[in-house]
Amino acid sequence: MNENPDAPVGRFALQSPRLLTATPRAILNMGPQALLDGIRMSEGRTITAVARVRGPNACDGVSNMELCAAFGADIVALGLYDPHNPYFPGLPNKVQLEPDDTILAQVQADLGRGWTLREVRELVGRPIAAALYGTETSFPDQMEASFVKAVATVENARLLADQGADIIQVMDWLAEPDVLADRIRDIKREVGDHAIVAFARPNGWGLFGSFAPREAITPTEIATLARAGAQIIEIPAVGTLPGTTPELVGSWVSAIHEAGSLSNLWIASSQEGADTDTIRAIAWGSKQAGADIITISDVGLTESVPDPENILALSIAIRGRRHTYRRMAFSTHR
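Since the structure is predicted, the reported quantities are computational estimates derived from the model, not experimental observations.

Another aspect to go through is the sheet that holds strand β8 (residues 293-296). Within a sheet, adjacent strands bond to each other through the backbone by hydrogen bonds, running parallel or antiparallel. In spatial order, the strands read β1-β2-β3-β4-β5-β6-β7-β8; together these 8 strands close into a barrel with parallel pairing. The average angle at which neighbouring strand axes cross in this sheet is 25°, direction not considered. Taken together, the 3 bridges between strand β2 (residues 75-79) and strand β3 (residues 128-133) define a ladder with parallel strand orientation. Residue pairing across strands places Ala77 opposite Ala129, the latter belonging to β3. Across the sheet, helix α10 (residues 246-258) lies against β6 (232-236) and β7 (262-267), angled at about 175° from β6, the strand it touches most.

Given below as structure tokens:
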């Protein structure tokens, strides 16, 4: 007999260990290891969508984070989030720091000042990933122009963990593998069990005036980064860089799994703004390659958020309407 008649009953009233079927409340109560286990048990059916905060909200009156969550993302990643200067376009300002804030509000572009990362996490009911870029030795002027002050330092990682980030992504294209491994090791030691640490190289080097080798990453580099503490390794998805065939990406994924980490395959080549057939093709190829997570990055028409319909198409392609609609429909109060 149920001793508490007001307690919810049924399959989804209990905390599911799988991220795939867990309610928003259950997900937000997961610690880092439970979240990793929940992703692993979801068997390639986890979606991250990137919501850039250093860019406009795509739909007036709503933030890019909310849009990503509404269309089926399991995890929301904050693009270009500066932990020293938090703001979330699309949310109403709690404080106004500049005269221009009033003008932005008049054109339906509230900057969302005064919100914390932890409050946004509760608002959307999703784990939050946030990226740090480069190291002091691999952060040239052109990277600073693109990535503000969010450098991958131990201090910034601690700040992200303190603010409530579930996943801290160290993104780098230019540093030597040993330098990256040392930095990841230091960051993991600093944040401990308070956050997941990931290494991300989601696209090529062209942004920085360099030519990318055919292999964006090597099995040796993967093993080194995993040993240093990268619990998720994030690489280009099938068909998003020249030569990223299912076979090549599958070899990277196999190396990631052999090293004991999870794989996250990124659509980060502006193809996140392509037609839905292209998204489905990338999704199928990446799932066949063994992806644990597929990320759809933040370029739809502008650098802010992927086309919401492509988040939906990606979700349906890798897990069907059943799991997609449930994730979309779950109230954040459950």
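After that view, the rundown keeps rolling.
On to the side chain of Gln169, then. Tracing the sequence through the fold places Gln169 in strand β4 (residues 167-171). When sequence neighbours within four positions are dropped, the list of residues in contact with Gln169 reads Ala77, Ala129, Ala130, Ala131, Leu132, Ala198, Glu234 and Trp266.

Along the chain, the position of Arg52 falls in strand β1 (residues 46-52). Separated by 253 residues in the primary sequence, Arg52 and Val305 place their C-alpha atoms 6.1 Å from one another. Residues contacting Arg52, with those up to four places away along its chain left out, are Asn64, Gly79, Leu80, Asp298, Glu303 and Ser304.

Following both chains from N to C, one finds helix α8 (residues 177-191) and helix α9 (residues 219-228) inclined at 20°, their axes separated by 8 Å at the closest point. What the angle tells us is that α8 and α9 run roughly parallel. Regarding α8 and α9, the two cross each other, and that crossing is right-handed. Residues Pro177, Leu180, Ala181, Ile184, Arg185 and Lys188 of α8 pack against Glu221, Thr224, Leu225 and Ala228 of α9.

Now for the pairing of strand β5 (residues 196-200). β5 sits mainly inside the fold: 5 of its 5 residues count as buried. With burial as the criterion, each face of β5 is covered, one bearing Ile196, Ala198 and Ala200 and the other bearing Val197 and Phe199. Where β4 lies against β5, 5 bridges are found, and the strand directions are parallel. For Gln169, the partnering residue across the bridge sits in β5 and is Ala198. In this fold, β4 hands off to α8, which returns the chain to β5; that crossover is right-handed. Note that β5 and β6 share 3 bridges and pair parallel. Bridging across to β6, Ala198 finds its partner in Ile232.

Scanning the entire structure with this criterion turns up 1 aromatic pair. Centroid distance Tyr81 to Phe88: 5.8 Å. Interplanar angle 25°. Geometry classified as stacked. Here Phe88 falls in the buried class, since its relative accessible area comes to 0%.

Turning next to the pairing of β2. Along a regular strand, successive side chains alternate from one face of the sheet to the other. In terms of residue burial, β2 counts as a mostly covered element, since 5 of its 5 residues are buried. Here β2 shows two buried faces, one formed by Ile75, Ala77 and Gly79 and the other by Val76 and Leu78. Bridge count for β1 against β2 is 5 bridges, and the pairing is parallel. Counterpart to Ala51 in the pairing with β2 is Leu78. In this view, the connection linking β1 to its parallel neighbour β2 by way of helix α3 (residues 64-70) has right-handed handedness.

Rules and cut-offs
Residues numbered from 1 in each chain as written. Predicted model: local features only at pLDDT ≥ 70, side-chain atom pairs only at ≥ 80, totals over all residues. Heavy atoms only, no water. Pairing = 2+ DSSP bridges. Helix = DSSP H or I, 4+ residues; strand = E, 2+ residues; numbered from the N terminus. Axes fitted to C-alpha atoms, helices over the stretch in contact; angles between N-to-C directions. Contact = heavy atoms within 4.5 Å. Parallel < 35°, antiparallel > 145°, perpendicular 65-115°, else oblique. Left-handed = near helix turned anticlockwise from the far one by under 90°. Buried < 20%, exposed > 50% of the residue type's maximum accessible area, 1.4 Å probe, protein only. Right-handed = clockwise from strand over helix to strand, strands pointing away. Phe/Tyr/Trp six-rings, centres within 6.5 Å; stacked < 30°, edge-to-face > 60°.

None of the figures reported here should be taken as evidence of function without further support.
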